[in-house]
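Reading the structure
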There are 2 protein chains.
Amino acid sequence: MSRPPRARESVLDAFEALLVEDGERAATMDAAARRAGVSKGGLLYHFGSKEALVEGLIERLRVLSLEDIEQIRSAPDGPVAAFMRTSIMTGTALDRTIIALSRLAQNGHPAASDALRDLRLLWEDAMRSEAKDETALQLIMLVSDGLYFNNALTVGGVPGPVPTGADLDALIALVRDATSR
Amino acid sequence: MSRPPRARESVLDAFEALLVEDGERAATMDAAARRAGVSKGGLLYHFGSKEALVEGLIERLRVLSLEDIEQIRSAPDGPVAAFMRTSIMTGTALDRTIIALSRLAQNGHPAASDALRDLRLLWEDAMRSEAKDETALQLIMLVSDGLYFNNALTVGGVPGPVPTGADLDALIALVRDATSR
DNA sequence: GTCTATATACAGATAGAC
DNA sequence: GTCTATCTGTATATAGAC
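Values in this document were obtained by computation on a predicted structure and should not be read as measured data.

Observations concerning the protein's contact with DNA strand C
Neighbouring residues of DNA strand C: 16 residues in total, closest A:Ser39, A:Gly41, A:Gly42, A:Tyr45 and B:Thr28. Broken down by secondary-structure element, the contributors of at least two residues to the surface near DNA strand C are α3 (40–46) of chain A together with α2 (29–36) and α3 (40–46) of chain B. Considering each element in turn, the surface near DNA strand C owes the most residues, four residues, to α3(A). Residues of the surface near DNA strand C, tallied by class, amount to six nonpolar, six polar and four charged.

Printed below as a string of structure tokens:
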């Protein structure tokens, strides 16, 4: 409904990009302001503290999560394939926000950990009807986690050893074969 | 052969513990010295820079990696089961060092990323003879990555949603069934 | 809404006493 | 081999002008 100011979104984009590309330590308010093309004071008008920046990212995650779950549930090639595909970093807005928040979570930010855990539960619920049992469900979830981990681990644009193209299709087929009812 | 001084190891232990328990930002030289019970100057005698501390952890990873690979190769219930078991954080020395280095890797430290990638390749080689094809091998590796990710993501002793006990046994059986020759 | 200037704290690192 | 004292840069945050 209420569209947030453009400057505000630019700052949030910059903060997120710094977290993803350079890590938590590099994601300072100063750097975010510079990258967004505003002054420190300008940033602090929109986000009165670093905590407020983090909360902005968490709110962004919630919005993108709902869209993602909706898309997974209605995917033509099935929820599992759609879920695994979206677990590969394709540069979607959701991917970037997840990686950004995982950096914060690993620096002791409980709100970020909670938000990621909640999203994982949403995904788990969306996959449950596809898996033959809870063990199969865990397999699906862990492969997805593994894909994210390899993307999250490398900083600076170096791609991890993540399957793509035909290799990813084969992996999806194997997982589906091992886990479907 | 040459046993390193005890104070040196204490400092490295403290630095590693801070990375694992509180995250990269909290792992300062000051905090490491305090936790190890030495002064800042004392720490700097053993490690002349923060970079030297990181290199100390990387060297520790190399030593522990070789032991781990040896143990996996000679495990009674097979390499895959042994590998997946060691992917659960059981508080082993290797687990802690891996998590610590993954925190550094995610803050743009290339040497840490390289060391972790090398270890992953060692594991991959140890698993290759067990997997029916490359896709199956990727499945094994990604489940292991997923287990680590869930352990790495939470800070402050909160355990992630990682299967244990009978659940882990069932998961191991499922993975082995889906991937073995 | 956006800016400059500044206060306060803490980071990594150096110098040199013991 | 371990300590204290100190230098320099940078982080978060506040105050207040425009």
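Description of the relation of the copies chain B and chain A
The transform that puts chain B on chain A rotates by 180 degrees and translates by 0.0 Å along the axis, for an RMSD of 0.0 Å. In symmetry terms, the pair is related by a two-fold rotation axis. For chain B, the smallest separation between a C-alpha atom and the rotation axis is recorded for B:Gly146, amounting to 1.9 Å. When you check the interface residues of chain B against chain A, 100% turn up at the interface there too, and the contact is symmetric in its surfaces.

Side note on the protein's contact with DNA strand D
Lining the immediate surroundings of DNA strand D are 17 residues, of which A:Thr28, B:Ser39, B:Gly41, B:Gly42 and B:Tyr45 lie closest. If one sorts the elements of the surface near DNA strand D by residue count, α3(B) sits on top with four residues. Class assignment for the residues of the surface near DNA strand D results in six nonpolar, seven polar and four charged.

Describing the UniProt feature "domain: HTH tetR-type" (unreviewed entry) in chain A
Residues given the UniProt feature "domain: HTH tetR-type" (unreviewed entry) here are residues 5–65 of chain A. Helix makes up 79% of residues 5–65 of chain A and strand 0%, whereas the separation of the span's terminal C-alpha atoms amounts to 22 Å.

Calculation rules
Residues numbered from 1 in each chain as written. Chains lettered and ligands numbered in written order. Predicted model: local features only at pLDDT ≥ 70, side-chain atom pairs only at ≥ 80, totals over all residues. Near = placed C-beta within 6 Å. Helix = DSSP H or I, 4+ residues; strand = E, 2+ residues; numbered from the N terminus. Nonpolar A, V, L, I, M, F, W, Y, C, P; charged D, E, K, R; others polar. Least-squares fit on C-alpha atoms with pLDDT ≥ 70 in both. Contact = placed C-beta atoms within 7 Å. UniProt positions renumbered as here; feature names shortened; annotations may be inferred.

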